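Chain by chain, the residues run as shown.
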Amino acid sequence: MAKVRTKDIIDKFDLELVSGEEGIHRPIVTSDLSRPGLEVAGFFNYYPSERVQLLGKTELSFFERLDDAERKIRMEKLCTDVTPAIIISRDLQVPPELIEASERNSVPVMTSTMKTTRLSSRLTNFLEGKLAPTTAVHGVLVDIYGVGVLITGKSGVGKSETALELVKRGHRLVADDCVEIRQEDTDTLIGSSPELIEHLLEIRGLGIINVMTLFGAGAVRTHKRITLVVNLELWDQNKHYDRLGLEEEKMKIIDTDITKLTIPVRPGRNLAVIIEVAAMNFRLKRMGVNAAEQFTNRLSDVIEDGDENEEL
């Protein structure tokens, strides 16, 4: 199924449909827009017909200077069988030639009261969000001190219970069990919850609870950018765990690498506090404060001083 159709942008931006109503269910396959100035001038060699076409004052002012025959030819070529929509900005008058061509080829023509640049910006942002690559991850997403922390691990390891404790400590739940992730940019992952389980937490032995009902609207949020992954795993005595924090593991989600921490789980460990501190420490690292590196540097200085004293 197409993620976005022409009807969606008509409803979203309150556009007025002028002609080509039969084509309002055409799919929009790219977030790129086209301002067909060269095409109106007659150059169709590289016409990106699959894009939404945006005509502003510049294009229509030039179009008015053409003779009747050229106008019909240009508008006929502009309306192809894959063109999802043609939008006229600034509430400008739609050329009759465009209306005729759009009706013949079932290309929706709409008008907007917005200025061309503003409409282009808002429409691009909307389409990029809707057409972004998406995936789903089994885990819990929590907003901790402004850091989007994705908690992963095998079923039954304690992800939801940890999220519940974090919510009690004043942090906000985004999604439990299934986290829908979309890549809005090369390094931007936005996580949200499926509508069916939004605001819900599943606690074994207790059942399903509604976090917003229990803790209020301030305990949840609809979406959050993911910047840190915390993987919970049962303690393995034979496995080496990072004790200094110098090693930085990465996890690839779609095309984006996210910092990943592995926290071993065993009785007596307060996972909520550990993850809370991990989020704060992650913020400090982004601000240039790295406690592990500072300790390593101090240790190196002490060793060097000891070697110098031995030489003396």
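Look up: the structure comes first, before these words.
Since this is a predicted model, take the numbers as computed values, not measurements. (Residues numbered from 1 in each chain as written. Predicted model: local features only at pLDDT ≥ 70, side-chain atom pairs only at ≥ 80, totals over all residues. Heavy atoms only, no water.)

Chemist: Talk me through the environment of Glu 64; I want residue IDs and the actual numbers.
Modeler: Considering the arrangement of structural elements, one finds Glu 64 in the loop between helix H3 (57–63) and helix H4 (68–78). In this structure Glu 64 comes out as exposed when scored by relative accessible area, which is 57%. The spatial distance from the C-alpha of Glu 64 to the C-alpha of Pro 95 is 8.7 Å, given a sequence separation of 31 residues. (Helix = DSSP H or I, 4+ residues; strand = E, 2+ residues; numbered from the N terminus. Buried < 20%, exposed > 50% of the residue type's maximum accessible area, 1.4 Å probe, protein only.)

Chemist: Give me the lowdown on the pattern of salt bridges, citing residues and values where you can.
Modeler: A complete count under the given rule lists 10 salt bridges for this structure. Put simply, Glu 184 and Arg 182 hold a salt bridge, and the shortest N to O gap is 2.7 Å. Taking the relative accessible area as the measure of exposure, Glu 184 reaches 32% and is therefore partly exposed. (Salt bridge = Lys/Arg side-chain N within 4 Å of Asp/Glu carboxyl O.)

Chemist: How would you explain the sheet that holds strand E5 (residues 109–111) if you had to name every residue and give the values?
Modeler: Overall, mixed pairing links the five strands, which are arranged E1-E5-E4-E3-E2 in an open sheet. Strands at the two margins of the open sheet, each flanked by one partner only, are strand E1 (16–19) and strand E2 (33–34). Two strands pair when backbone bridges link them, and strand E4 (residues 86–88) and E5 are joined in this way by three bridges, in the parallel orientation. Note on E5: the bridge partner recorded for Ile 88 is Thr 111. Most of the contacts of helix H5 (residues 96–105) go to E1, to which it runs at about 85 degrees, and overall it touches E1, strand E3 (52–55), E4 and E5. (Pairing = 2+ DSSP bridges. Contact = heavy atoms within 4.5 Å. Axes fitted to C-alpha atoms, helices over the stretch in contact; angles between N-to-C directions.)

Chemist: How would you summarise the packing of H4 against H5 if you had to cite specific residues and measurements?
Modeler: Packing of H4 against H5 leaves a shortest axis separation of 9 Å and a crossing angle of 40 degrees. When the axis of H4 is compared with that of H5, the two are oblique. Two packed elements cross with a definite hand, and for H4 against H5 that hand is right-handed. Packed against H4, whose contacting residues are Arg 71, Lys 72, Met 75 and Glu 76, the element H5 presents Glu 97, Leu 98, Ala 101, Arg 104 and Asn 105 at the interface. Here the residues of the contact of H4 with H5 sort into three nonpolar, one polar and five charged. (Parallel < 35°, antiparallel > 145°, perpendicular 65-115°, else oblique. Left-handed = near helix turned anticlockwise from the far one by under 90°. Nonpolar A, V, L, I, M, F, W, Y, C, P; charged D, E, K, R; others polar.)

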